[in-house]
Amino acid sequence: MPIGSLSVDSKDSRSRRSRPYDGTSEGLSFFHESINSSVDFPSYIPWQTLSSDVSEKLKHGSLRINRSNRLEYTTITEEGERLLQANGRKKKARAAINAVRGGTSWTVAAFLLVNTALGSGLLNYPSAYNRAGGVYFATFIQVLMVLLLGSTMIVLAYCSDINQDNTYHDVLMSMCGKRAQQLSAISILLTCYGICITFLIIIGDQYDKLFASLYGDDFCHYWYLNRHTSVFLTALIFILPMCFFQRLDFLRYAGSLGIFVMLFLVFLMVYEYFTIDVSPENIKLVPIRAVDVFVVVPVFSFAYQTHEVVVPLYACMGNRNLKDFTKATILSMSILFFIYCVAGSFGYLSFGTTVPPDIMQGYNAKDPLVLIGIAVLVVKMITTYPPLALCGRGALDGLYAELTHLPADEFIYGEKRRRFIISTGWFFSTVLLAVFTPNIGVVIELLGCLASANVFIFPGLCLISVVLKDDPGIRQCKSFMFLILSVVMITFGAFVFGVVLIQVILFDLTSEGEVHEILCV
């Protein structure tokens, strides 16, 4: 079963291994493989397996997922070959695992994890530093978060090894059952939906800053410069047509350049710190309220979140073992920690307590570097929205098939109709919410609530399942440690989820929802 845009061509891998070592070609291969495999989200995870009927037919070989990531019936010859090989299925499974040897190295895996994590959360990071109580306190919280998040990533990889699962929701299915799989699919579906809203809000923010700098503070009184018009027209012309496609391979290179866009924005924050003519106000040393510490935890979780791609990426590693994956996790978390610390510190120290939720709104768009940053950011948001919509569409499609007990025949032949209905509803609802929810900070905090479930609660449940199933490879002492760790993960994730959700509903949605409107008076 193809894992998607993270999959490795075993034939190419074998041909690469047969060639003699060449340092230059090895470096070029690393760059080429990283760029070709880079994605902002696991867009091609086969969500069709959420449907029990489809999943059973896939296992028995009467259905397959073709190169276009679509379900289709196998030929009589192919199905006959599957039946003849039924007795040696375990041996074949082991062969399939070995076939990806020579795939992605742990250094490439680290690069992919970094690319997956870097996104819209970076723009809200200076504001998160403000809420966390300043640079020192925010850095300390991040250190703890990196340790916790890295541990949960390794937990997911460990659990995927038990049944040789290749996707995040398959791990949930194997370890915790169908309901947990469905809950994880709903969580990821809502995450995709929320991030799409965030992207549209960011596009509106960039237009607002550009028009405010060029046309003055009353720009929004002209209907053609108002963010409602600018966001809707941009999305309608550039985003909507791509939402109906089955595959988005043509966006692979555009999406993979996202990491360079984000690194440019980090450079821009450092540059503006030394050149901007603004006196920062009230630099904090400690948080004002204790609850603010818990409020920023989901924001940090969202910024470091790569857990949905951990399992498919781990399945594609040349050496599928925890040692190499641990090295990839440590390297990726270290790179992300450095990038986020630089962005958060310089962005926050430039404005102090007046730092906007979207840091780009604090800069003057007449500056050529800021203008470039606005342009590349809008392009990135436009090219990253469709893969996320595709991922969410697939999850919703799989859930619909499972909850309505849709037969495989109807699932396959009704795909086009469902694709157009889901894509249309997804697009217009996200645009509507984006133009009436201008505060990116509120959306990211809500996404952080979901992130706390994906990165703490679900991995914790998987680890408890390992202990309860009493895996033969686990000694009594290790089993006890796993149990303690899983309880801590679940308790912490549930507590943060509840606290932040209440905070957002009771305070942020009522008192801070108009922060972005100051650009137009």
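Below: a short report on this structure.

Calculation criteria
- Residues numbered from 1 in each chain as written.
- Predicted model: local features only at pLDDT ≥ 70, side-chain atom pairs only at ≥ 80, totals over all residues.
- Heavy atoms only, no water.
- Phe/Tyr/Trp six-rings, centres within 6.5 Å; stacked < 30°, edge-to-face > 60°.
- Helix = DSSP H or I, 4+ residues; strand = E, 2+ residues; numbered from the N terminus.
- Buried < 20%, exposed > 50% of the residue type's maximum accessible area, 1.4 Å probe, protein only.
- Lys NZ or Arg CZ within 6 Å of the ring centre and 35° of its normal.
- Core = buried A, V, L, I, M, F, W, Y, C linked by side-chain atoms within 4.5 Å.
- Contact = heavy atoms within 4.5 Å.
- Salt bridge = Lys/Arg side-chain N within 4 Å of Asp/Glu carboxyl O.

Enumeration according to the criterion identifies 21 aromatic pairs in this entry. Between Tyr193 and Trp426, the ring centres sit 5.1 Å apart and the planes meet at 85°, which makes this aromatic pair edge-to-face. You can see Tyr193 sitting in helix 10 (residues 178-215) and its partner Trp426 sitting in helix 19 (residues 415-436), a full 233 residues away along the chain. For Trp426, a relative accessible area of 7% gives the class buried. Ring geometry for Tyr207 against Phe211: centres 5.9 Å apart, planes inclined by 5°, an arrangement best described as stacked. Of this pair, Tyr207 and Phe211 both sit in helix 10, separated by four residues, roughly a single helical turn. Neither residue differs from the other here; Tyr207 and Phe211 are each classed as buried. One aromatic cluster is present, built from ring pairs that chain together Tyr125, Tyr129, Phe300, Tyr304 and Tyr340. Note that Arg418 overlies the ring of Phe411, its terminal NZ or CZ placed 4.7 Å from the centroid.

Turning our attention to the nonpolar core. Ranked by internal contacts, the top residues of the largest apolar core, which has 132 residues, are Leu200, Ile239, Tyr304, Met360, Tyr363 and Tyr385. Ranked by the residues each element gives to this core, the list is headed by helix 10, at 17 residues. If we ignore the near neighbours within four places in the chain, the residues touching Leu200 are Val231, Ala235, Ile239, Tyr385, Thr430, Val431 and Ala434. Among the nonpolar cores identified, the runner-up in size contains ten residues, and Val54, Leu58, Ile65 and Ala408 belong to it.

This part is about the pattern of salt bridges. Scanning the model with the defined rule gives eight salt bridges in all. Close ionic contact of Lys57 with Asp53 constitutes a salt bridge, the shortest N to O distance being 2.9 Å. With Lys57 and Asp53 both in helix 3 (residues 52-60) and four residues apart, this pair spans about one turn of that helix. Overall, the relative accessible area of 25% leaves Lys57 in the partly exposed class. Between Asp208 and Arg227 there is a salt bridge whose closest N-O contact spans 2.8 Å. Of this pair, Asp208 sits in helix 10 while Arg227 sits in helix 11 (residues 227-243), placing them 19 residues apart in sequence. For Arg227, a relative accessible area of 6% puts it in the buried group. Salt bridges sharing common partners tie together Asp205, Asp208 and Arg227.

Keep in mind that these numbers describe shape and distance, not what the molecule does.
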